[in-house]
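The lines below spell out each chain.
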Amino acid sequence: MAKKKSVYICQSCGSVSPKWIGKCPECGAWSSYVEEMPQDEITSSAKIRDVQPLLLGSIRGLEVDRTVTGIGELDQVLGGGFVKGSVVLVGGEPGIGKSTIMLQVAGILGTRGAKILYASGEESPSQIKMRAERLGIETDKLSILATNSLEDILTAADRDKFEYIVADSVQTIASEELSSAPGTVGQVKHVTYRMVEAAKQKGITTLIVGQVTKDGYIAGPKVLEHLVDTVLYFEGDYSRGIRILRSVKNRFGPTNEVGLFEMSSQGLLECPDGGLLGSTKSDAPGKVLVPVMEGTRAFLVELQSLVTPTYFQFSRRNANGFDTNRLNMLIAVLDKKGGLNLGASDIYLNIAGGIKITETSADLAVCAAIVSSFREKPVRTDTVFIGEVGLTGETRNVANIKNRLTEAVKFGIKRAYLPEKIDFDGKLDIIPVKNISDFLDKF
Ligand SMILES: Nc1ncnc2c1ncn2[C@@H]1O[C@H](COP(=O)(O)OP(=O)(O)OP(=O)(O)O)[C@@H](O)[C@H]1O
Ligand SMILES: [Mg+2]
């Protein structure tokens, strides 16, 4: 049979071209052509195929075959371990620890006797061996294949009946069916698609590593998310060695679950007790603590604010790890409802430890950090602030308050500013604040 020739398809309007074009003649989009394999032409017999839908009650339930890795934080993120035949994409910035966790997992599974193929297009076998020695991995069940060819990986997997494949990384692996270079959108999509196909047909659990860069590299894992079963992202703070593994999609478990790790010379170590993320012991003005929820877990996080007189015509407001629009809103509430004159101040907000706060439960803590820096009044290090702040200046309760307080108490917190008094068993002095002006009076 003659080999099918790849075509270029405009991702904006769908027009097809036999070669790459910079600007689409149909819709005018630039750089929108991506190399793909053409769909088979629909034959007349395909159109009249006699398909029979099944009644729901007649379908036998699928027993999910899970393998618990023993790395508790990873198992929790996966929803109880790897599901046989599933495809997991692990994304993250360069150097965050993707290859490290993959090799650790491969080492554990290999020691238990599973047959694993670790295919790397980035590193040579001796580099991988060096890392394995550092991580203390000793197993003969782990096969290393240094290749950039998808076909090599699939052939090896088929011939030697591997149960697991690790592909590190999808950006360095290319299929010979397409002529474009590894890492292009067409290649990463095609490679992932073929690996998913093999995983489903042969029951091979497949772990795919994907690079993401800070500026959101186009051929990054984002374009692959819909193809795979589970998507995990590594985030974190390089300087402190904290790594957060987050599930953003999971067909076999909860999403937005997080696992906490610390990078060390022996690899990624689990931090099962959560932790005081990125915190220092000092009580400088502008520093406050807030317990935030990540999935079903609470973490104590440090917020820092700096309020300085502005030297320009317009004051600057800058947030790192927090939504700048929400920061501006909270400043406006403090200004109008709290009577603080912040108009002539530059205000900076930073979430320590490279964490991103996306929930409104940190509103009160943000206000506290700003007020603390503005008034040059340090906040006691045994205090947390929890609550949402509305445009009218009133404070509102947030979900999972008891989980948050329990986590805070673990780290020696003795006082909590909350929207209202609640029953809490732990030894905690609760200060209820109805609204922003009440808060400023009690602060
Ligand atoms: N001897 C060591 N001691 C402590 N940490 C180390 C050591 N060697 C490497 N690391 C850590 O491992 C990280 C690299 O991990 P890894 O190679 O798994 O990352 P990666 O996400 O696969 O990177 P890449 O995108 O380059 O493939 C380094 O950034 C460093 O933090
Ligand atoms: Mg790597």
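Each remark here, short or long, concerns the structure printed above.
Parameters at a glance
What you see as residue numbers is a count from 1 along each chain, following the sequence as written. For this description, chains carry letters from A and ligands carry numbers from 1, given in the order in which they are written. pLDDT decides what is reported in this predicted model: residues at 70 or higher carry local features, side-chain atom pairs at 80 or more are listed and counted, and totals for whole chains, interfaces and linings draw on all residues regardless. The side-chain values count all of the structure's non-hydrogen atoms but skip hydrogen atoms and water molecules. Runs of E in the DSSP output that reach at least two residues are strands. Runs of H or I that reach at least four are helices, and both are numbered from the N terminus. Under the scheme applied here, a residue whose accessible area is under 20% of the maximum for its type counts as buried, over 50% as exposed, and between as partly exposed, the area being computed with a 1.4 Å probe on protein chains only. Contact definition: two residues touch when any of their heavy atoms are within 4.5 Å. Axis definition: a line fitted to C-alpha atoms, limited for helices to the stretch in contact. Angles are taken between N-to-C directions and run from 0 to 180 degrees. What makes a crossing left-handed is the near helix being turned counterclockwise from the far one by less than a right angle; a clockwise turn instead makes it right-handed. Gly counts as polar in this scheme, as do all residues outside two lists: the nonpolar Ala, Val, Leu, Ile, Met, Phe, Trp, Tyr, Cys and Pro, and the charged Asp, Glu, Lys and Arg. Being near a molecule or strand, for a residue, means having at least one of its heavy atoms within 4 Å of it. Whenever two N or O atoms come within 3.5 Å, that pair is a polar contact, provided that in protein one can donate a hydrogen and the other can accept it, and provided that, for residues adjacent in sequence, both atoms are side-chain atoms. The Shrake-Rupley method, run with a 1.4 Å probe, gives the accessible areas here. Residue values count only the displayed protein chains as cover. A pair of strands is labelled paired if DSSP reports no fewer than 2 bridges between them. Within this scheme, the nonpolar core is defined by two criteria: the residues are buried Ala, Val, Leu, Ile, Met, Phe, Trp, Tyr or Cys, and they are joined through side-chain atoms within 4.5 Å. As annotated, the domain borders come from an automatic or database domain assignment. Angular relationships are summarised with four words: roughly parallel below 35 degrees, roughly antiparallel beyond 145, roughly perpendicular across 65 to 115, and oblique for the angles in between.

1. Some remarks on the overall build of the chain
Tallying secondary structure elements over the chain gives ten helices and 24 strands in all. With respect to the three principal axes, the spread of C-alpha positions in the chain is 80 × 55 × 55 Å. Across the 443 residues of the chain, 51% fall into the buried class. The long-range fraction of contacts in the chain, counting pairs at least 24 apart against all pairs at least 6 apart in sequence, stands at 65%.

2. Quick notes on the side chain of Ser345
Considering the arrangement of structural elements, one finds Ser345 in strand S19 (residues 345-351). By relative accessible area, Ser345 is classed as buried at 6%. Excluding residues that lie within four positions of it along the chain, Ser345 makes contacts with Val307, Thr308, Pro309, Thr310, Ser315, Arg316, Arg317 and Phe374.

3. Re the packing of helix H7 (residues 324-336) against helix H8 (residues 363-374)
Here H7 crosses H8 at 65 degrees, and the two axes come no closer than 10 Å. In this structure, the crossing between H7 and H8 has a hand that is right-handed. Contacts between H7 and H8 involve Arg326, Leu327, Leu330, Ile331 and Leu334 from the first element and Asp363, Val366, Cys367, Ile370 and Val371 from the second. Of the residues assigned to the contact of H7 with H8, the class counts are eight nonpolar, no polar and two charged.

4. Some remarks on the site of ligand 1
Around ligand 1 lies a shell of 16 residues, among which Gly95, Lys98, Ser99, Thr100 and Arg131 are the nearest. Take Thr100: an N or O atom from its side chain is 2.4 Å from an oxygen atom of ligand 1. Between ligand 1 and Glu122 there is a distance of 3.1 Å, counted from an oxygen atom to a side-chain nitrogen or oxygen. Bound to the protein, ligand 1 loses 65% of the 650 Å² it would expose on its own. If you list the elements that add at least two residues to the shell around ligand 1, you get helix H3 (98-111), helix H4 (125-134) and strand S13 (258-264). Ranked by the residues each element gives to the shell around ligand 1, the list is headed by H3, at three residues. The class makeup of the residues in the shell around ligand 1 is three nonpolar, seven polar and six charged.

5. Overview of the sheet that holds strand S2 (residues 16-17)
Read from one edge of the open sheet, three strands run S2-S1-S3, paired in antiparallel fashion. At either margin of the open sheet sits one strand with a lone partner, and together these are S2 and strand S3 (33-36).

6. Observations concerning the nonpolar core
In this structure, Phe322, Ile357, Ile370, Phe385 and Phe439 are the most contacted members of the largest nonpolar core, which totals 46 residues. Contributing elements (two or more residues each) for this core: strand S12 (242-250), S13, strand S16 (287-294), strand S17 (297-309), H7, S19, H8 and helix H10 (436-442). Top contributing element to this core by residue count: H8, with eight residues. Each of domain 2 (66-270) and domain 3 (276-442) accounts for three or more of the residues forming this core. Counting 31 residues, the second largest nonpolar core, distinct from the first, contains Ile71, Val77, Phe234 and Leu268.

7. So, the packing of H3 against H4
At their nearest, the axes of H3 and H4 sit 10 Å apart, and the two run at 70 degrees to each other. Taken together, H3 and H4 sit at an angle that is classed as roughly perpendicular. Across from Ser99, Thr100 and Leu103 in H3, the residues of H4 making contact are Ile128, Arg131 and Ala132. For the contact of H3 with H4, the per-class residue count stands at three nonpolar, two polar and one charged.

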